[in-house]
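Examining the three-dimensional arrangement
Residues per chain are reported as follows:
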Amino acid sequence: MRLSSLADYAVVMMTAAARHCGASGRLNATLLAGQTGVPLPTAQKLVSRLSAAGLLESARGTGGGFRLARPPAAISLADIVEAVEGPIAMTACVEEGRHDCAIEENCRVKPHWNVVNGAVRGALAGVSLASLSAEVRA
């Protein structure tokens with residue numbers, strides 16, 4: 001399993017935002033793009049998705065920008081991935097309304113994928129943004 005580049009960039013941007021948590025003022029996509037190396041158009045797109053998912057709060061006008069909607073300890077890696085990718089699912093066959101698998105009628109694994117998806121989501125939910133943004137000491 002591999003995260004998409006967009007999900008990876010969202011995690012990088014959110015960890016940068018978490019390092020600013022508690023600082024006065026708000027962040028903006030230009031600042032985070034400069035700090036992280038994420039291209040500005042991508043950073044703007046991600047700010048929009050992360051805001052729509054309730055992970056960032058935004059304000060317009062002078063002094064506007066955005067900040068984390070919750071403390072970094074209350075935002076998980078699963079929250080960030082789902083904001084960009086949608087629900088965590090290892091296979092498409094478990095999605096409601098999907099019936100495009102050639103072996104679906106005889107598949108004995110399909111009933112078990114929800115357990116696998118739950119385990120993966122649980123593992124990602126166990127990693128907080130606070131832990132991802134902490135300094136690593138050698």
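By convention here, each chain's residues receive numbers from 1 onward along its written sequence. In view of the model being predicted, local features appear only for residues whose pLDDT reaches at least 70, and side-chain atom pairs are presented and counted only at 80 or more, with totals across whole chains, interfaces and linings using the full set of residues. Hydrogens are left out, water is left out, and the side-chain values use all remaining heavy atoms of the structure.

**Overview of the nonpolar core**
So the rule is basically this: Buried Ala, Val, Leu, Ile, Met, Phe, Trp, Tyr and Cys residues that are joined via side-chain atoms within 4.5 Å together make up what is termed a nonpolar core. The cut-offs for exposure are 20% and 50% of the maximum accessible area for each residue type, with area from a 1.4 Å probe on protein chains only; residues under the lower value are buried, those over the upper are exposed, and the others partly exposed. Think of it this way: any DSSP run of H or I at least four residues long counts as a helix, any run of E at least two long counts as a strand, and we number them from the N terminus. Here a residue-residue contact requires only that any non-hydrogen atoms of the pair lie within 4.5 Å.
Within the largest apolar cluster, 33 residues are counted, with the highest numbers of intra-cluster contacts made by M14, L50, L68 and I80. Within the residue set of this core, elements represented by two or more residues are α1 (5-19), α2 (29-36), α3 (40-52), β2 (65-68), α4 (77-85) and α5 (113-125). For this core, the leading source of residues is α1, giving 9 residues. Apart from the residues lying within four places of it in its own chain, the contact partners of M14 are L50, L55, L56, L68, I75, I80 and L129.

**A word on α3**
Heads up, the rule is: Take the number of residues in a helix, subtract one, and multiply by 1.5 Å to get its expected span.
For α3, which comprises 13 residues, the first-to-last C-alpha distance of 18 Å matches the rise-based estimate of 18 Å (1.5 Å per residue) to within 8%. Buried positions along α3 lie against α1, α2, β1 (56-59), β2 and α4. Downstream of α3 by one or two residues, G54 has phi in the positive range, about 80 degrees.

**What to know about the side chain of T15**
Defined as follows: Polar contact criterion, stated in full: a pair of N or O atoms within 3.5 Å, where within protein one must be able to donate a hydrogen and the other to accept it, and residues adjacent in sequence count only if both atoms are side-chain atoms.
One can find T15 in helix α1. On the accessibility criterion, T15 (9% relative accessible area) is buried. At 2.8 Å, the side chain of T15 and the backbone oxygen of V12 are in polar contact. Residues in contact with T15, not counting those within four places in the same chain, are L129, L132 and S133.

**Quick word on α5**
The end-to-end C-alpha distance of α5 is 18 Å, a good match for the 18 Å that 13 residues give at a rise of 1.5 Å each. Looking at the packing, one finds that the buried side of α5 touches α4.

**Considering the environment of Q35**
Within the secondary structure, Q35 is located in helix α2. Spatially, the C-alpha atom of Q35 lies 10.0 Å from that of A17, the residues being 18 residues apart in sequence. What Q35 contacts, discounting residues up to four positions off in sequence, is A16 and H20.

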